[in-house]
Amino acid sequence: MQSQRYVNLACQQGYLAPHDFKLAQERHRQDQAAGRVHSLWEVIQELGYISKEQAAEVESAMDAAQAGEGLEIESYRLVDSIGYGGMGEVYHV
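Report follows, based on the coordinates. (Residues numbered from 1 in each chain as written. Predicted model: local features only at pLDDT ≥ 70, side-chain atom pairs only at ≥ 80, totals over all residues. Heavy atoms only, no water.)

The next thing to look at is the overall build of the chain. Per the secondary structure count, the chain includes four helices and four strands. In sequence order, the chain lays out its α and β elements as α-α-α-α-β-β-β-β. Counting only contacts in the chain whose residues sit at least 6 apart along the sequence, the fraction spanning at least 24 positions is 47%. By element, 51% of the accessible surface of the chain is carried by carbon and sulfur atoms, the whole surface being about 5,900 Å². (Helix = DSSP H or I, 4+ residues; strand = E, 2+ residues; numbered from the N terminus. Contact = heavy atoms within 4.5 Å. Areas by Shrake-Rupley, 256 points an atom, 1.4 Å probe, with all protein chains shown as cover.)

Rendered as structure tokens:
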């Protein structure tokens, strides 16, 4: 579930406020119930809760992490994702 990983990182980086996250989740549920299929990540961007630049940074960081380059946050380098779920993601540092 790549979309959730993008959302988790956006929250961790402080790009997505908890209130906006909850509103986006509700909108995503409503869209799904109406038969509109798209990811939560797409909903967050459509609603303008993060800028295009922030979205690009998150996606670039995830691409780098998947390519094995690791992702650097403050003084930590995230090397590998160990697991993830609805509440967060665990990384090997």
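We now examine the side chain of H38. Secondary-structure assignment places H38 in the loop between α2 (18-33) and α3 (40-46). Judged by relative accessible area, H38 falls into the buried class, the value being 19%. At 2.8 Å, the side chain of H38 and the side chain of D31 are in polar contact. Filtering out sequence-adjacent residues up to four positions away, H38 remains in contact with H28, D31, V43 and E46. (Buried < 20%, exposed > 50% of the residue type's maximum accessible area, 1.4 Å probe, protein only. Polar contact = N/O pair within 3.5 Å; in protein donor to acceptor, adjacent residues only side chain to side chain.)

Let us now look at the packing of aromatic side chains. With the rule as written, the count across this model stands at one aromatic pair. Relative to W41, the ring of Y6 has its centre 5.4 Å away and its plane inclined at 35°; by these criteria the two rings are tilted. With a gap of 35 residues between them, Y6 in helix α1 (residues 2-12) and W41 in helix α3 connect regions that are remote in the sequence. Of the residues examined, W41 reaches a relative accessible area of 4% and is grouped as buried. (Phe/Tyr/Trp six-rings, centres within 6.5 Å; stacked < 30°, edge-to-face > 60°.)

This next bit is on α2. The end-to-end C-alpha distance of α2, which contains 16 residues, comes to 23 Å, matching closely the 22 Å that a straight helix rising 1.5 Å per residue would cover. Turning to α2, its buried residues number three or more, namely F21, A24, H28 and D31. The arc enclosing the buried residues of α2, seen along the axis, measures out at 85°, which places them on a common side. Facing away from the buried surface of α2 by more than 90 degrees, the exposed residues are P18, H19, K22 and A33. (Expected span 1.5 Å × (residues − 1). Arc of directions from axis to C-beta.)

In this structure, V7, L16, W41, I44, I50 and V58 are the most contacted members of the largest nonpolar core, which totals 17 residues. Elements with a minimum of two residues in this core: α1, α2, α3 and α4 (52-66). Excluding residues within four positions of it along the chain, L16 makes contact with V7, A10, C11, F21, I44, Y49 and I50. (Core = buried A, V, L, I, M, F, W, Y, C linked by side-chain atoms within 4.5 Å.)

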